[in-house]
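Take a look at the letters that make up each chain.
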Amino acid sequence: MSSKFLGSVRLHAPYHPSIVIKLDKLDFRIDSPCGAKNENKIYLLTHFHFDHVRSCMAGGADFLSLSENPIKIYAPYDDRKEYGEVENVFDIHSKMINFHSKARRKLVPIKEGEELRFNGTTVVPVPLKHTVPNFGYYIKNSEISIFVTGDWEGSDYKNRQKIISLMPNVLITECRYFFEDEIEIAEERMHVHIEDVLELKEELENTIIILTHISHRYRDLEDIIKITKEKELILAKNISFNNTGYRIRERFK
Ligand SMILES: [Zn+2]
Ligand SMILES: [Zn+2]
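These numbers were taken from a predicted model, which means no experiment stands behind them. (Residues numbered from 1 in each chain as written. Chains lettered and ligands numbered in written order. Predicted model: local features only at pLDDT ≥ 70, side-chain atom pairs only at ≥ 80, totals over all residues. Heavy atoms only, no water.)

Asker: What is the right way to read the side chain of glutamate 174 from this model?
Answerer: As for its position among the elements, glutamate 174 is in strand S11 (residues 170-174). For glutamate 174, the side chain forms a polar contact with the side chain of histidine 191, separated by 2.8 Å. Ignoring anything within four residues of it in the chain, the contact list for glutamate 174 reads Thr149, Gly150, Asp151, Trp152, His191, Val192, Thr212 and His213. (Helix = DSSP H or I, 4+ residues; strand = E, 2+ residues; numbered from the N terminus. Polar contact = N/O pair within 3.5 Å; in protein donor to acceptor, adjacent residues only side chain to side chain. Contact = heavy atoms within 4.5 Å.)

Asker: Help me out: how do you make sense of the coordination of the zinc ion (ligand 1) in this one?
Answerer: Around the zinc ion (ligand 1), the protein supplies Asp51 (OD), His52 (NE2), Asp151 (OD) and His213 (NE2) as donor atoms, at distances of 2.1 to 2.6 Å. Binding-site remark: the zinc ion (ligand 1) is held by donors from one chain whose sequence spacing is D-H-x98-D-x61-H. (Donors = N, O, S within 2.8 Å, 3.2 Å for Na, K, Ca; no water.)

Asker: Hey, could you run me through the sheet that holds strand S8 (residues 121-128) in this one?
Answerer: Strands belonging to one sheet form pairs held by backbone hydrogen bonds; the direction of such a pair is parallel or antiparallel. The six strands lie next to each other as S7-S8-S9-S10-S11-S12, forming an open sheet whose pairing is mixed. Each edge of the open sheet is held by one strand with a lone partner, namely strand S7 (116-118) and strand S12 (208-212). Looking at each pair of strands side by side, their axes are set apart by 20° on average, direction ignored. Here S11 pairs with S12 via five bridges, running parallel. Bridging from a neighbouring strand, isoleucine 172 pairs with isoleucine 210 of S12. Set on the sheet, helix H3 (residues 157-166) makes contact with S8, strand S9 (134-140), strand S10 (145-148) and S11; between it and S8 the angle comes to about 160°. (Pairing = 2+ DSSP bridges. Axes fitted to C-alpha atoms, helices over the stretch in contact; angles between N-to-C directions.)

Asker: Can you help me understand the packing of aromatic side chains in this one?
Answerer: One pair of aromatic rings is described through two measures. These are the centre distance and the angle between the planes. Counting across every chain of the model gives seven aromatic pairs. With centroids separated by 6.2 Å and ring planes inclined at 75°, the aromatic side chains of phenylalanine 28 and phenylalanine 118 adopt a geometry described as edge-to-face. Residue phenylalanine 28 is located in strand S3 (residues 26-30), and its partner phenylalanine 118 is located in strand S7; the two are separated by 90 residues in the primary sequence. On the accessibility criterion, phenylalanine 118 (17% relative accessible area) is buried. A ring pair is formed by phenylalanine 178 and tyrosine 218, whose centres lie 5.6 Å apart and whose planes are at 80°; its orientation type is edge-to-face. Taken together, the positions of phenylalanine 178 in the loop between S11 and helix H4 (183-188) and tyrosine 218 in the loop between S12 and helix H6 (221-230) put the pair 40 residues apart, joining distant regions of the chain. Following the ring pairs from residue to residue traces out a cluster consisting of Phe28, Tyr74 and Phe118. It is lysine 111 that lies over the ring of tyrosine 77; its NZ or CZ is 5.1 Å from the centre. (Phe/Tyr/Trp six-rings, centres within 6.5 Å; stacked < 30°, edge-to-face > 60°. Buried < 20%, exposed > 50% of the residue type's maximum accessible area, 1.4 Å probe, protein only. Lys NZ or Arg CZ within 6 Å of the ring centre and 35° of its normal.)

Asker: Would you mind showing me how to read helix H5 (residues 194-203) here?
Answerer: Side chains three or four residues apart in an α-helix point the same way, a direct result of the helix having 3.6 residues per turn. Buried residues of H5: Ile194, Asp196, Val197, Leu198 and Leu200, and no others. Contacts made by the buried residues of H5 are with H3, S11, S12 and H6.

Asker: Please explain the coordination of the zinc ion (ligand 2) as it appears in this structure.
Answerer: Between any two of four tetrahedral donors, the ideal angle at the metal is 109.5 degrees; between two of six octahedral donors, it is 90 or 180 degrees. The coordination sphere of the zinc ion (ligand 2), as far as protein atoms go, consists of His47 (NE2), His49 (ND1), His130 (NE2) and Asp151 (OD), spread over 2.2 to 2.3 Å. What the four donor atoms of the zinc ion (ligand 2) show is an angle range of 90 to 163° at the metal, which sorts the shape as irregular. (Tetrahedral: all angles 85-135°; square planar, octahedral: opposite > 155°, others 65-115°.)

Asker: Help me out: how do you make sense of the sheet that holds strand S4 (residues 41-44) in this one?
Answerer: An order of S6-S5-S4-S3-S2-S1-S13-S14 is seen for the eight strands of this open sheet, with the pairing classed as mixed. The sheet is open, and its two edges are formed by strand S6 (105-110) and strand S14 (246-250), each paired on a single side. Going from strand to strand, the sheet's axes swing by 25° on average, the running direction of each strand aside. As paired elements, S4 and strand S5 (residues 71-76) share two bridges and run parallel to each other. Within S5, the position partnered with leucine 44 by the bridge is tyrosine 74. The strands that helix H2 (residues 89-100) touches are S5 and S6; relative to S6, the one it contacts most, it runs at about 160°.

Asker: Any chance you could explain the environment of aspartate 223 here in plain terms?
Answerer: For aspartate 223, the position within the fold is in helix H6. Among the residues examined, aspartate 223 registers a relative accessible area of 41% and is labelled partly exposed. Sequence spacing of aspartate 223 and aspartate 196 is 27 residues, and the spatial spacing of their C-alpha atoms is 19 Å.

Asker: How do you make sense of the side chain of aspartate 196 when you look at a structure like this?
Answerer: With respect to the helices and strands, aspartate 196 occurs in helix H5. Look past the residues within four positions of aspartate 196 in its chain and what remains in contact with it is Gly154, Ser155, Arg160 and His191.

Here it is in structure tokens:
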């Protein structure tokens, strides 16, 4: 890596949805636990599937938090009402998170077309089709752009076109499945197969592509890491990057 360091991505585990991006003195924590010190941390939730919700509810340090204001977690405004519920999906989770954190955390709705600004960095929610409403987040400053997908239907043409049109310097994408006999199941469950990522890669020649949130069925990580290396994709715990290259700081064991 020749030019200066711009940021890093840290994953909790290859199976886990949590993603932490350090960029220009800010921490973007996507589907990630809250800690005690929350200055310069921005919390984003991609969608209301329980693995993601649970991850952002984790972290027991709320009660130690000395900040006066509750921690904001930005989340898609999901107005579905299901199973005879009176309240919508967003409000149900809003109450749950408020309750479990003793009002130390609060969900803040964001909608398509809105844009968040933090100093010189903007965050744009980008809807990607999944089994429930899901936002990918496009994070951009004057030096670099990063796109985090959340969960998405990899075989969906519109989804792929959206990602390609963003042309991010760094793409962090869910990649659930890796083997040929799993292409169907990926489609059925509206998740991503490595073949979908490889199709993106053809169009995004200069993008650094980081995979995450792989299936729990892969107990032997060695095979998966070998495949990603062969395909020039990245699966690692901690990766630093600039707008043209990257370095792996820590691998998954
Ligand atoms: Zn998920
Ligand atoms: Zn999901």
